[in-house]
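# Close look at the chain arrangement
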Amino acid sequence: QVQLVESGGGLVQAGDSLRLSCAASGRTFSRYNMGWFRQAPGKEREFVAAIHWSGTTTYYADSVKGRFIVSRDNAKNTVYLEMNSLVPEDTAVYYCAAGLQDYGLGVDLKLYNVWGQGTQVTVSS
């Protein structure tokens, strides 16, 4: 089983860009579909983006489509979330998550069985 560590969060202004990274330990990273989720204060954790273990398929929440890009480098055991044109509503703790490829790629939190500790993203207006 992999372990996940997110990095790259911070405080930015509206319209800025930020890139989050999620580094995975272990030699089985390529067996996992990867997802990004976020949780704002007082709200439930919500899906942001996901990428197939092969990197060939990606999903995005409607709220980030066209602004965020998810990618992965299996040689570096790392998944990325490029966030552009950030708005205050993007403020949240961002989590990366891993789900075994047998579970399928999707937006449901239940498909992912390994979670990172989260990284805070704050967008000021």
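Fair warning: this is a prediction, and the values are worked out from it, not measured in the lab.

### Regarding unusual backbone geometry
Among all residues except glycine, the phi angle is most often negative; among peptide bonds, the trans geometry is most common. Positive phi outside glycine occurs at Asn77, with the angle close to 55 degrees. You can see Asn77 is positioned in the loop between strand S7 (68-73) and strand S8 (78-83). In this structure, Ser85 takes a positive phi of about 50 degrees despite not being glycine. For Ser85, the position within the fold is in the loop between S8 and strand S9 (92-100). Note on Ser85: relative accessible area 41%, which makes it partly exposed.

### Some details on the pattern of salt bridges
A complete count under the given rule lists 4 salt bridges for this structure. The shortest N-O distance in the salt bridge between Arg38 and Glu46 comes to 2.7 Å. The residue Lys65 makes a salt bridge to Asp62 at a minimum N-O spacing of 3.2 Å. Summarising the burial analysis for this pair, Lys65 and Asp62 share the class exposed. If you follow the salt bridges from partner to partner, you end up with Arg38, Glu46, Arg67 and Asp90 in one network.

So, how was this worked out
- Residues numbered from 1 in each chain as written.
- Predicted model: local features only at pLDDT ≥ 70, side-chain atom pairs only at ≥ 80, totals over all residues.
- Heavy atoms only, no water.
- Helix = DSSP H or I, 4+ residues; strand = E, 2+ residues; numbered from the N terminus.
- Buried < 20%, exposed > 50% of the residue type's maximum accessible area, 1.4 Å probe, protein only.
- Salt bridge = Lys/Arg side-chain N within 4 Å of Asp/Glu carboxyl O.

Purely geometric stuff here, so don't read any function into it on its own.
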